[in-house]
Amino acid sequence: MIKARKSVAVLISIAAITILFLQLDNILAGRIPQFQAFVAIARLFSFIGNGGFLIAVCAALYILGFSSKGLSLKNAGKEGALSLILSGAVVHVLKAAFERPRIGHGADAVVRLLENPSLFDLTGSLNSFPSGHTAAAFAVAYALSRRYPRLSIFFYLTAALIGAGRVYLGSHYPTDVLAGAFVGVCAGYLVAERAREKRLIAGIALLILFISFFKTGGFLLFDVDEAVFSEASREMVETGDYITPAYNYEPRYDKPILIYWLMSASFKLFGLTEFAARFTSSLFGSLLVFMTFLFVRRVKGDKPAYLASLALLLSLEYFVYTHSAVTDMTLAFFISASVYSFYLGAFEDKKWFTAFWVSSALAVLTKGAIGLIFPLVIAFLFVFLSKNPSRIKGLFRPKLLALFLIISVPWFAVQFYINGWEFFNAFIIKHHIQRYSGVVSSHGGPFYFYLGVLLLGFFPWVAFLPGALYRGLKERLNPLSDLYLLSSVWFLFVLVFFSVARTKLPNYIFPLFPAGAILAGLSIDGLIEDRKGKAGVYLMIIISLIFAAALFILPSIEIKMDVPLPALFFYATGSIFLTVAVLSIISLSSPLKSVLAICAVMAGLIIFLRLYALPPVNIFLQKTLYDYSKYAAKNLSRKGVLATYELNKPSVAFYAGRKTIKVEKSAECDIKEYAKRTDLIVITTATKYGDSEELKKLKILNASGGYMLLGTGEMPPFQ
């Protein structure tokens, strides 16, 4: 308990320091008065923090220690150099993932990143986070302080001054320096401790951060869902109304409040950027994988934990929803936390039931009733099938139910008090009952819709699910298969629940992915240890070959595609799937190395798709709307009107930063009235323009990508 409290205290302290430094970002960035003497001192410390200089210092210490037979001096130089190299490698990985523009390069950075995607920014203008100089300085400081503790103050003070110098010169934000210091100290610690287990955990943590945040701020918000959540959160920050979410300054009852609070906090911390909009999903995705790792490690040991975490992390659907400003990743985190807490409460300590109800309450505040329905039904089905009702004893203690109600009910009560039956009809009737029983917004699909989603979204790990599900249900009374049973019940319930629903979207089933990852991890562990589960390998070979064949054939088929990707793209992607098939065959005789190689290939697939598939799609769908919205933001007066005609694109409101008037065909006469009173800009499609006589009376400012930008006569030319 004391250790847990210390961990919580450390996490709170880290969070507080991070928030403080984020505030300093806004205060200090580009605003520090420059004095010649201070600039010279900052440049001197910047030179000292250069990796080349520090590696030379470490080499000199090693040579001096070697020649004088000073073991401590020799080890200091060696450990300092290794710490420096490790910190440098980590820094470059993080720079590639976060792509933070340096001070003075933030304007339209998203467009530059979108139009010129690359793994590493060689210009140096878009790789601010974290500070490499600071990381190198603290890495060496840790190594030297360990050998010469009496001089540790001098070493760390020098490292701190190097970081401060980078901020003073305008090369980095304070948070870049804070992250660099953390990376440097961790690198020094890992080199000095030489603990294999800790290095493996650090490695998986780095991979989690890299995949979850990989270039998440380097592309425009997609319509509709990403943009509408982002705009509602932006308006929350602008208006200061943190009770009733609003989109286009009208109440929005689609989802409960928690996602808006989280996204609003992100905007307050990071600014109105794409990275900030998606930060909540990336953060909770990282936490979800690491929580899954800790849970499986506690229950089944290290190897299944690593395998389950990798299966979840290296799946395409996980990557998509860590890079989407929507509720799904946050919901999956809280539902998973509830299920994990139930299992630990049932088998270890009833105190975990408190976490079950807290997590369920937060899940309810994220997406409504399913936040409670899913964990409860999964728990009951598990108890029923395992025929051990004692495991649920203590779950429904009155004080735990009261805690759930205290957390989850107040916001709903306040909303009903403020907005009455309008809120009830929209939130409960439309977005719960009608969305489940009917097709909303034309998002329908057959019963087997989600099987296709799983085949691609959970590739290649989906191949291990049939065998794992069979074992989970067949051996439901075997205590050694309890985790199999829990994960099977979890997976199948969510899958069936949404397959029955009339409204279907790929993101709906994401809450079952942690269960699928656990099942895959357990099955792969069995393959490695006992050569069991080879049927899953054969299925993986078949699925991989089918995808590979389809991709190789696709360029030769005349299919009209809105985004014309080159044939080489399909051949390269097909080769990746073919590589998975080959490695799957090899795994029959050498499973561990082959599975790790498949993980590396999947990471490569994710990087490849992010660099070469997402940008052209994003440009085709969003770039023109972004340009038009920015034009409106720059050229419309405060009293001017921005309107869309027969167009539902929330990104327009977000990037324009103002209310948009949605004009439909039946009310096109409103355009004439707006044009009489004030300056007017209208965004529509080329097709709709031809159907409207009122639009034809406006000046055509630009036409591109199927969209048209129209305005009154006094509007300046579009550039």
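Residues numbered from 1 in each chain as written. Predicted model: local features only at pLDDT ≥ 70, side-chain atom pairs only at ≥ 80, totals over all residues. Heavy atoms only, no water.

### Quick look at the pattern of salt bridges
Note the following rule: Each reported salt bridge corresponds to a side-chain nitrogen of Lys or Arg within 4 Å of a carboxyl oxygen of Asp or Glu. Helix and strand definitions follow DSSP, with helices as H or I runs of at least four residues and strands as E runs of at least two, each counted in order from the N terminus.
Taken as a whole, this structure holds 23 salt bridges when the rule is applied. One salt bridge in this structure joins Arg 100 and Asp 176, with 2.9 Å as the shortest N-O distance. Separated by 76 residues along the polypeptide, Arg 100 in the loop between helix H4 (71–98) and helix H5 (109–115) and Asp 176 in helix H8 (residues 174–193) bring together distant segments of the chain. Sharing partners across several salt bridges, the network here consists of Asp 25, Arg 100 and Asp 176.

### Describing the nonpolar core
Just so we agree on the cut-off: Nine residue types can take part in a nonpolar core, namely buried Ala, Val, Leu, Ile, Met, Phe, Trp, Tyr and Cys, and a core is a set of them joined through side-chain atoms within 4.5 Å. Exposed residues in this analysis have more than 50% of their type's maximum accessible area, buried residues have under 20%, and partly exposed residues fall in between, with area computed by a 1.4 Å probe over protein chains only.
Core analysis: the biggest nonpolar cluster contains 165 residues, and Leu 314, Phe 342 and Trp 461 have the highest contact counts within it. Looking at which element gives the most residues to this core, the answer is helix H15 (residues 328–347), with 13 residues. Counting residues in hydrophobic clusters, the runner-up holds 16 residues, among them Leu 54, Cys 58, Leu 84 and Phe 138.

### Let's talk about the sheet that holds strand S3 (residues 641–645)
In plain terms, the rule: When DSSP finds two or more bridges between two strands, those strands count as paired. To obtain an axis, a line is fitted to C-alpha atoms, over the contacting stretch when the element is a helix, and the angle between two such axes runs from 0 to 180 degrees between their N-to-C directions. Note on contacts: a residue pair qualifies if any of its non-hydrogen atoms lie within 4.5 Å across the two residues.
Spatial strand order, S4-S3-S5-S7-S6: five strands in an open sheet with mixed pairing. Of all strands in the sheet, those with a lone pairing partner are strand S4 (661–663) and strand S6 (699–704), marking the two edges. Averaged over neighbouring strand pairs, the angle between their axes works out to 20 degrees when direction is ignored. With three bridges joining them, S3 and S4 adopt parallel strand pairing. If you follow Tyr 645 over to S4, its bridge partner there is Val 663. Relative to strand S5 (residues 680–685), helix H28 (residues 669–677) is tilted by about 150 degrees, and along the sheet it contacts S3, S4 and S5.

### Some points on unusual backbone geometry
Each neighbour pair has its own omega, and for Phe 129 with Pro 130 the value is -10 degrees, a cis peptide bond. With respect to the secondary-structure elements, Pro 130 resides in the loop between H5 and helix H6 (132–147). The amide bond that connects Phe 459 to the next residue, Pro 460, takes the cis arrangement and shows omega of -5 degrees. Structurally, the position occupied by Pro 460 is in the loop between helix H19 (449–457) and helix H20 (465–474). Phi is positive for Lys 69, close to 60 degrees, though the residue is something other than glycine. One can find Lys 69 in the loop between helix H3 (51–68) and H4. Positive phi is not limited to glycine here, since Asp 108 has a value of about 55 degrees. When you line up the elements, Asp 108 lands in the loop between H4 and H5. Among the residues examined, Asp 108 registers a relative accessible area of 46% and is labelled partly exposed.

### Observations regarding a positive patch on the surface
Going by this rule: In this scheme, patches are assembled from residues that exceed 30% relative accessible area and form no salt bridge. Like charges are connected within 9 Å, while nonpolar side chains (Val, Leu, Ile, Met, Phe, Trp, Tyr) are connected within 5 Å. Throughout, the Shrake-Rupley method with a 1.4 Å probe supplies accessible areas, and for residues the shown protein chains are the sole cover considered. Charge convention: Lys and Arg are scored as positive, Asp and Glu as negative, and His as well as the terminal groups of each chain are ignored. By convention, charge coordinates are those of NZ in Lys, CZ in Arg, CG in Asp, or CD in Glu.
A cluster of basic side chains, namely Lys 350, Lys 393, Arg 397 and Lys 399, defines a positive patch on the protein surface. Residue placement: Lys 350 occurs in the loop between H15 and helix H16 (352–367). Overall, Lys 350 belongs to the partly exposed group, its relative accessible area being 32%.

### Considerations on the pairing of S6
Strand direction decides the pairing type here: S6 and strand S7 (residues 707–711), joined by five bridges, are antiparallel. Bridge pairing in S7 links Ala 703 to Met 708. The turn linking S6 back onto S7 is made up of two residues, and Gly 705 within it adopts a positive phi angle of 60 degrees.

### Describing helix H7 (residues 152–168)
Note the threshold: A helix is expected to span 1.5 Å for every residue after the first.
Between the first and last C-alpha of H7 there are 24 Å, a value that for 17 residues agrees with the 24 Å anticipated at 1.5 Å per step. Inspection of H7 places Ser 152, Phe 155, Thr 158, Ala 159, Ile 162, Gly 163, Gly 165, Arg 166, Val 167 and Tyr 168 among the buried residues, and these make up the whole buried set. Against helix H2 (36–48), H6 and H8 lie the buried residues of H7.

### Some points on the side chain of Thr 330
Checked against the element boundaries, Thr 330 lands in helix H15. Using a relative accessible area of 0% as the deciding quantity, one classes Thr 330 as buried. Apart from the residues within four sequence positions on either side, Thr 330 is in contact with Ile 259, Leu 262, Thr 280, Phe 284 and Thr 366.

### Let's talk about the packing of aromatic side chains
To keep things clear, this is the line we draw: Stacked, edge-to-face and tilted labels apply to pairs of Phe, Tyr and Trp rings (six-membered ring for Trp) whose centres lie within 6.5 Å, assigned for plane angles under 30 degrees, over 60, and everything in between, in that order. Geometrically, a charge over a ring is one whose NZ (Lys) or CZ (Arg) sits within 6 Å of the ring centre while staying within 35 degrees of the ring normal.
The full count for this structure, using the stated rule, is 57 aromatic pairs. For the ring pair Phe 333 and Phe 334, a centre distance of 5.2 Å and an interplane angle of 75 degrees mean the geometry is edge-to-face. Overall, Phe 333 belongs to the buried group, its relative accessible area being 13%. We classify Phe 334 as buried; its relative accessible area is 7%. Within the aromatic cluster, the residues linked to one another by ring pairs are Phe 295, Tyr 340, Phe 342, Tyr 343, Phe 347, Phe 353, Phe 382 and Trp 490. Residue placement shows Arg 252 over the ring face of Phe 229; its charged tip is 4.8 Å from the ring centre. Just above the ring of Phe 219 sits the side chain of Arg 278; from NZ or CZ to the centre is 3.7 Å.

Distances and angles like these do not, on their own, reveal function.
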